[in-house]
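# Structural characterization, general
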Amino acid sequence: DGRQTLTNYQIRVNTAGNIVAGPAGELYLVFADNRAGVHNTARPRTNTNVYMMYSANGTTWSGPHPVDTTDKDQWFPWVDVSDTGEVKVLYHSRRPADPDLYDTRVATGHPLTGFSRLRVNTAPSNPVFSLFFRARAPGCRRCATFHGDYNRIAFGSDGVAHMGWTDMRKFVSFDGASDSGHTEEIFWARDDLL
């Protein structure tokens, strides 16, 4: 139907992220795009990755610097910077062993030195067996077309990063197979408890 999606998913995605200023006035712009995917063929494949642009002065920029370019899709990034200059990016990432499922990850580091990544969800999400917003598309009848569009990360005044994300881990069954699937939920975590 003309929406941007990921291969074998029906969820709508966009490449937008956000921009944030650090304590010294430096700028961090995070986004996702499909430059690593297979294009211009009869059978395109996505490999959406998270990248960051960086500017120390607001005039000149470097990048794109990879935040996560593992061999599966990553999407819905959001960046924040603490008062001490710690940079964190929250985003979704497909599981390499089972690409029907996805995790939520946080990357910590700097665009000039690289990022380490940590899974923040405690169970994987399943957008291909959804209870709501079903695509009813051939080969993906129960795939979700919508799973919540936003992740957020924000440092509090205590220097702790608070993370909120959309998640499809919860399974609900009302009357068996015809009315069951994973629901869209909102989860929250703080990075000092991970």
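Our subject in this report is the structure included herewith. (Residues numbered from 1 in each chain as written. Predicted model: local features only at pLDDT ≥ 70, side-chain atom pairs only at ≥ 80, totals over all residues. Heavy atoms only, no water.)

Taken in spatial order, the four strands make up an open sheet running E1-E2-E3-E4, and their pairing is antiparallel. Because the sheet does not close on itself, it has two edges, and the strands there are strand E1 (18-21) and strand E4 (62-68). Pairs of neighbouring strands in the sheet enclose a mean axial angle of 25°, with direction left out of account. (Pairing = 2+ DSSP bridges. Helix = DSSP H or I, 4+ residues; strand = E, 2+ residues; numbered from the N terminus. Axes fitted to C-alpha atoms, helices over the stretch in contact; angles between N-to-C directions.)

Attention now moves to the side chain of Arg169. Looking at the element boundaries, Arg169 is found in the loop between strand E10 (161-167) and strand E11 (171-173). Look at Arg169 and you get buried, because its relative accessible area is 18%. A distance of 2.7 Å separates the side chain of Arg169 from the side chain of Thr122, its partner in a polar contact. Side-chain polar atoms of Arg169 contact the side chain of Asp167, separated by 2.8 Å. Not counting residues within four places of it along the chain, the set of residues in contact with Arg169 comprises Asn121, Thr122, Ala123, Pro124, Ser125, His182 and Phe187. (Buried < 20%, exposed > 50% of the residue type's maximum accessible area, 1.4 Å probe, protein only. Polar contact = N/O pair within 3.5 Å; in protein donor to acceptor, adjacent residues only side chain to side chain. Contact = heavy atoms within 4.5 Å.)

What follows is about the packing of aromatic side chains. According to the stated counting rule, one finds seven aromatic pairs in the structure shown. Residues Phe133 and Phe146 carry aromatic rings whose centres are separated by 5.1 Å and whose planes lie at 70° to one another, so their mutual orientation is edge-to-face. With Phe133 in the loop between strand E8 (114-119) and strand E9 (152-155) and Phe146 in the loop between E8 and E9, this residue pair connects regions lying 13 residues apart in the sequence. The exposure class assigned to Phe133 is partly exposed, which follows from its relative accessible area of 46%. The exposure class of Phe146 is partly exposed, given its relative accessible area of 26%. Here the aromatic rings of Trp165 and Phe187 are separated by 6.2 Å at their centres, their planes lie at 20°, and the arrangement is stacked. You can see Trp165 sitting in strand E10 and its partner Phe187 sitting in strand E13 (residues 185-190), a full 22 residues away along the chain. Note on Phe187: relative accessible area 25%, which makes it partly exposed. An aromatic cluster is defined as three or more aromatic residues linked by ring pairs; in this entry it consists of Tyr9, Trp75 and Tyr102. (Phe/Tyr/Trp six-rings, centres within 6.5 Å; stacked < 30°, edge-to-face > 60°.)

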